[in-house]
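So the chains spell out like this:
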Amino acid sequence: MNMKIRKVSIEDLDSVTEVESRCFPMSEAAKKESLEQRIKTFPGSFFVAEIDGKIIGFINGCITNEKTIYDEMFSDANLHISNGDYQAIFGLDVIPEYQKQGIAAQLMNHMIEVSRLTGRKGVILTCKDKLIHYYEKFGFENKGVSKSQHGGAKWYDMILEFY
Ligand SMILES: CC(C)(COP(=O)(O)OP(=O)(O)OC[C@H]1O[C@@H](n2cnc3c(N)ncnc32)[C@H](O)[C@@H]1OP(=O)(O)O)[C@@H](O)C(=O)NCCC(=O)NCCS
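Residues numbered from 1 in each chain as written. Predicted model: local features only at pLDDT ≥ 70, side-chain atom pairs only at ≥ 80, totals over all residues. Heavy atoms only, no water.

Novice: What am I meant to see in the pattern of salt bridges here?
Specialist: Pairs can form between side chains of opposite charge whenever their charged atoms are close. Within the structure shown, the criterion is met by ten salt bridges. Here Asp-12 makes a salt bridge to Arg-6, at a shortest N to O gap of 2.9 Å. In this structure, Asp-85 and Lys-121 form a salt bridge, with 3.5 Å as the shortest nitrogen-oxygen distance. Of this pair, Asp-85 sits in the loop between α3 (72-75) and β5 (86-89) while Lys-121 sits in the loop between α4 (103-117) and β7 (122-127); the two residues are 36 residues apart in sequence, bridging distant segments of the chain. Among the residues examined, Asp-85 registers a relative accessible area of 25% and is labelled partly exposed. A relative accessible area of 32% means that Lys-121 is categorised as partly exposed. Salt bridges here are not isolated pairs; linked through shared partners, they connect Lys-4, Arg-6, Asp-12 and Glu-50. (Salt bridge = Lys/Arg side-chain N within 4 Å of Asp/Glu carboxyl O. Helix = DSSP H or I, 4+ residues; strand = E, 2+ residues; numbered from the N terminus. Buried < 20%, exposed > 50% of the residue type's maximum accessible area, 1.4 Å probe, protein only.)

Novice: What is the right way to read the packing of aromatic side chains from this model?
Specialist: For any pair of aromatic rings, geometry is given as the distance between the ring centres together with the angle between the planes. The tally for this structure, following the rule as stated, stands at six aromatic pairs. Residues Phe-74 and Phe-90 carry aromatic rings whose centres are separated by 5.1 Å and whose planes lie at 55 degrees to one another, so their mutual orientation is tilted. Of the two residues, Phe-74 sits in helix α3 while Phe-90 sits in the loop between β5 and β6 (91-94), which places them 16 residues apart along the sequence. Across the pair, exposure class does not vary: Phe-74 and Phe-90 are buried alike. (Phe/Tyr/Trp six-rings, centres within 6.5 Å; stacked < 30°, edge-to-face > 60°.)

Novice: Sorry, what's going on with the site of the ligand here?
Specialist: Lining the immediate surroundings of the ligand are 18 residues, of which Leu-92, Lys-100, Gly-102, Tyr-134 and Lys-137 lie closest. In this structure, an oxygen atom belonging to the ligand sits 2.6 Å away from a main-chain N or O atom of Lys-100. Burial of the ligand by the surrounding chains reaches 68%, relative to a free accessible area of 940 Å². Mapped by element, the contributors of at least two residues to the shell around the ligand are β6, α4 and α5 (132-136). Across the shell around the ligand, the residue classes tally to ten nonpolar, five polar and three charged. (Near = heavy atom within 4 Å. Polar contact = N/O pair within 3.5 Å; in protein donor to acceptor, adjacent residues only side chain to side chain. Areas by Shrake-Rupley, 256 points an atom, 1.4 Å probe, with all protein chains shown as cover. Nonpolar A, V, L, I, M, F, W, Y, C, P; charged D, E, K, R; others polar.)

Structural data, given as structure tokens:
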């Protein structure tokens, strides 16, 4: 499988919107306008996985000085602080037919590596209980139930600190 991870570009907007709608229920999926704002605001922390020119997954998130994600971050890309301490992860998506082949893990490792190399203090994310064990494999620590009400679901705060 010839998989490539690269930085997003605005031409990818329709493809990433399609991937997002296939990975999340409508109440949780980021809308096209929101993804467009993210691509324009933090292209340096938005990566896509591509196979033979087709986008099959992506990872993205703003940079912040907070150690936990709060809901306004998802809808307001202007909360991005380009020289902030922590890389947030808003979404990690791989379309169903390419899941369980380690593609999300490669996207995550890429994001962690870039964050480390650019001098961040760590990476933060929120996830549902069924994915806590998955993120722990990358070294994330579970900090308990998040204040986030995103999409009406229950989320957990996870953090990976580099030191
Ligand atoms: C969560 C998600 C991103 C994972 O994507 P993925 O590419 O399947 O992830 P990986 O392949 O790295 O790992 C998934 C599982 O497959 C396993 N796996 C990885 N490579 C494998 C292989 N070659 N053969 C068999 N299993 C494999 C992993 O160990 C992992 O198992 P686990 O759940 O027991 O820990 C994907 O399922 C998705 O997009 N879901 C919907 C959206 C979502 O919930 N995103 C996360 C919210 S923040």
